[in-house]
Amino acid sequence: MYENLELIKQKCLNCTKCNLCKTRTNVVFSSGIANSKLVLIGEAPGYWEDIKAEPFVGRAGQLLDKIFECVDFSRKKDIYICNTIKCRPPNNRDPLDEEKEACREFLDAQLEILKPKIILICGKVALKTFLPNEKSITRVRGKWFDGPYNSKMMPIFHPSYLLRNDSRQKGSPKWLMWQDIKEVRRMYDSL
Ligand code: URA
């Protein structure tokens, strides 16, 4: 196995295991600090992530930052962020099974080194990767599951879904996200 994150990153930067290596501008490995208790796993890099080589830097990422800031989490010092796959699928289509399989060793290796206490599963691609029997984020969001390396794992809505659902009324996706993120903060403080 890999000794440290830098070695995984180097392997990833040179990876040609699937066809996405032919269309990517950059490999998007991670952001944030390595000894964080909290890891968020998204779906795949989009247009801006591919350009900037950093996860969640487009509109969805900016909303994610605001959500974290509301409970005093800073992306720079409290959260390690990565994606299920590290290269952008053309036109932001969903990753293919073969792409997820090719990239899985990097995600697993990241988690093996990080051993986070809390893992946030953000969106349906990450949900399918970690909880393949659960088909609907809406049903499982906000619930704690046993994750890898004794972590607590919670599925949460993807910020792009929140961008498409503007209401803040009780029971709306944004309102539910607010409940979930407060629970994440409570658990983080208790660990
Ligand atoms: N959506 C994701 O799931 N990940 C990113 O890095 C950007 C958008």
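A short tour of the structure in this document, coming up. In this text the structure is predicted, and so the values were computed from the model without any measurement. (Residues numbered from 1 in each chain as written. Predicted model: local features only at pLDDT ≥ 70, side-chain atom pairs only at ≥ 80, totals over all residues. Heavy atoms only, no water.)

1. Considerations on the site of the ligand
And then number 1: With respect to spatial proximity, the complete set of residues near the ligand consists of G42, E43, A44, E49, P55, F56, N83 and H158.
And then number 2: In this structure, E43 approaches the ligand through a main-chain N or O atom, which is 2.7 Å from an oxygen atom.
And then number 3: Within the side chain of N83, one N or O atom sits 2.8 Å away from a nitrogen atom of the ligand.
And then number 4: For the ligand, the accessible surface in isolation is 240 Å², of which the surrounding protein chains cover 91%. (Near = heavy atom within 4 Å. Polar contact = N/O pair within 3.5 Å; in protein donor to acceptor, adjacent residues only side chain to side chain. Areas by Shrake-Rupley, 256 points an atom, 1.4 Å probe, with all protein chains shown as cover.)

2. Examining the packing of helix α1 (residues 5-13) against helix α5 (residues 97-114)
And then number 1: The interhelical angle for the contact between α1 and α5, taken along N-to-C directions, is 170 degrees, at an axis separation of 10 Å. In terms of their interaxial angle, α1 and α5 are classed as roughly antiparallel. Together, L5, I8, K11 and C12 of α1 and E105, F106, A109, Q110, I113 and L114 of α5 make up the contact between the two elements. (Axes fitted to C-alpha atoms, helices over the stretch in contact; angles between N-to-C directions. Helix = DSSP H or I, 4+ residues; strand = E, 2+ residues; numbered from the N terminus. Parallel < 35°, antiparallel > 145°, perpendicular 65-115°, else oblique. Contact = heavy atoms within 4.5 Å.)

3. Some points on the pairing of strand β5 (residues 152-156)
And then number 1: Counting buried residues along β5, four of its five residues qualify, which places the element largely inside the surrounding structure.
And then number 2: Here strand β3 (residues 118-122) pairs with β5 via five bridges, running parallel. Across the sheet, residue C122 finds its bridge partner in β5, namely I156.
And then number 3: As defined by bridge partners, strand β4 (residues 145-146) adjoins β5 across two bridges and the pair is classed as antiparallel. What sits directly across from D146, in β5, is K152.
And then number 4: The antiparallel hairpin formed by β4 and β5 contains five residues in its connecting segment, where Y149 sits at a positive phi of about 55 degrees. (Buried < 20%, exposed > 50% of the residue type's maximum accessible area, 1.4 Å probe, protein only. Pairing = 2+ DSSP bridges.)

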